[in-house]
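A structural walkthrough
As a plain string of letters, each chain reads:
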Amino acid sequence: MTIDNNFNTKKLHDWNIGVNGNPLLIAGPCSAETEEQVLTSARELKKIGTNIFRAGIWKPRTRPGSFEGVGNIGLEWLQKVKAETGLLTTVEVANVKHVYESLRAGIDVLWIGARTSANPFAMQEIADALKGVDIPVFVKNPVNPDVELWIGAIERLEKAGLKKIGAIHRGFSSYDHSIYRNPPQWQIPIELKRKLPDIPMICDPSHIGGKRELIQSISQKALDLNYDGLMIESHPDPDKAWSDAKQQVTVETLDIIVESLVLREVKPKGISMETLEDLRFKIDKFDNDIMDIIQKRMKVAELIGRYKKQNKMTILQPVRWEEIIDKNLLKGLKRNLSERFVTKLFKAIHEESIAKQTTIMNEEV
Ligand code: PEP
Ligand code: MN
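Presented here is an overview of the structure given in this document. (Residues numbered from 1 in each chain as written. Chains lettered and ligands numbered in written order. Predicted model: local features only at pLDDT ≥ 70, side-chain atom pairs only at ≥ 80, totals over all residues. Heavy atoms only, no water.)

Further remarks concern the overall build of the protein. Check the secondary structure of the protein and you find 14 helices and 8 strands. For the C-alpha atoms alone, the extent of the protein along its principal axes is close to 75 × 50 × 40 Å. Split into buried and exposed, the 365 residues of the protein put 45% on the buried side. Sequence separation of at least 24 residues holds for 72% of the intrachain contacts in the protein that already meet a minimum separation of 6. Split by element, the accessible area of the protein, about 20000 Å² in all, is 55% carbon and sulfur. Taken as two groups, the 52 positive and 50 negative side-chain charges of the protein have centres that lie 4 Å from each other. (Helix = DSSP H or I, 4+ residues; strand = E, 2+ residues; numbered from the N terminus. Buried < 20%, exposed > 50% of the residue type's maximum accessible area, 1.4 Å probe, protein only. Contact = heavy atoms within 4.5 Å. Areas by Shrake-Rupley, 256 points an atom, 1.4 Å probe, with all protein chains shown as cover. Lys, Arg positive; Asp, Glu negative; His and termini not counted. Charge placed at Lys NZ, Arg CZ, Asp CG, Glu CD.)

Written out as structure tokens, the structure is:
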């Protein structure tokens, strides 16, 4: 399926928070710390074309004792931001009290954090508190890689009558060692876009990367996947930030990052798609071949399953499995296929083959 990249930026424009055809830029510090920090940051961000100013007022911290946000006083600073710069404002809301305080303060856009969207009780309470309110709400993906939970959070808001709902992809917690703070797992937001094509999708490269050096490349990748905007943390003095110091950038750096991003289109006007269509035809044909070959391979795996059953052998034969991986890693190397890819591919094939053999083992005779 192709997703038209300009399709949802029109929607953001209709919601009065973006410019049609341009990715939305939400920027500001992870946390509001002082009035001066908030206002300095906003004045600078306004100059580089930021659409919405973000600042966390209530901060969900992993461990108690870390800075947990300035609370309600921060809402007054955001009111000053709006009055002075005209920037729209957004804060994270995690409970009913946050919703009421933010609405009372005239905050323009709300966002739901990753720890909150993972919690259906909290989501339902927030949705109930927002009944009858016409405000854009962005729902970050839940911390755990579960697209259904993300969709569920969005659905609760839809059922409460909210019409302006967007999604923010901020990556997923992982125990594995990774260059990312929260590995992006791009297939999950892509699946959300497939299931809910009308929901604008924003990328938060700051929380995905966890370090400022990664922000540019993650942002470019998001735009190449037709995202409708970016939410980036920016602080006047990032290393001294009271939260998420490593991933925040100065406005100057943010400007350089934004200027460097290339906007590509799904189908640029006036170019011939013939070559692309020819190439796609070839790809489709190869995909068919791959599926046919895999089917044949599985049939043989089933025969092996029957043989193992008759001879009371275990399904998993570790030596054989290692031999398969080693052999194919070598073949992959010769074919310029990465080790990561070959391992993933064969693990998936092996898993399916084990599933087929398990079914055979369990068949009644
Ligand atoms: C944040 O945006 O500062 C934040 C706490 O994000 P997340 O909910 O993605 O962790
Ligand atoms: Mn943060």
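Turning to unusual backbone geometry, a few remarks are in order. Positive phi outside glycine occurs at Asn 16, with the angle close to 65 degrees. Of the residues examined, Asn 16 reaches a relative accessible area of 63% and is grouped as exposed.

Let us now look at the pairing of strand β4 (residues 109-112). Every second residue of β4 is oriented toward a common face, with Val 109 and Trp 111 on one face and Leu 110 and Ile 112 on the other, all of them buried. Pairing of strand β3 (residues 88-92) with β4, which is carried by 3 bridges, proceeds in the parallel orientation. Following the sheet pairing, Thr 90 is matched in β4 by Val 109. Viewed along the sheet, the connection from β3 through helix α4 (residues 96-104) into β4 turns out right-handed. (Pairing = 2+ DSSP bridges. Right-handed = clockwise from strand over helix to strand, strands pointing away.)

In an ideal octahedron of six donors the angles at the metal are 90 or 180 degrees, and in an ideal tetrahedron of four donors they are 109.5 degrees. Distances from the manganese ion (ligand 2) to its protein donors, Cys 30 (SG), His 207 (NE2), Glu 233 (OE) and Asp 244 (OD), fall at 2.0 to 2.4 Å. Counting the intervening residues between successive donors of the manganese ion (ligand 2) yields the motif C-x176-H-x25-E-x10-D. With His 207 in helix α9 (residues 205-209) and Asp 244 in the loop between β8 (229-233) and α11 (251-260), this residue pair connects regions lying 37 residues apart in the sequence. Accessibility expressed as a relative area gives 8% for His 207, which makes it buried. (Donors = N, O, S within 2.8 Å, 3.2 Å for Na, K, Ca; no water.)

For Asn 141, the position within the fold is in the loop between β5 (137-140) and α7 (147-159). By relative accessible area, which is 0% here, Asn 141 ends up buried. Of the polar contacts made by the side chain of Asn 141, one reaches the backbone nitrogen of Arg 170; its length is 2.6 Å. Once you skip the residues sitting within four places of it in the chain, Asn 141 turns out to touch Ala 114, Ser 117, Trp 150, Ile 168, His 169, Arg 170, Gly 171 and Phe 172. (Polar contact = N/O pair within 3.5 Å; in protein donor to acceptor, adjacent residues only side chain to side chain.)

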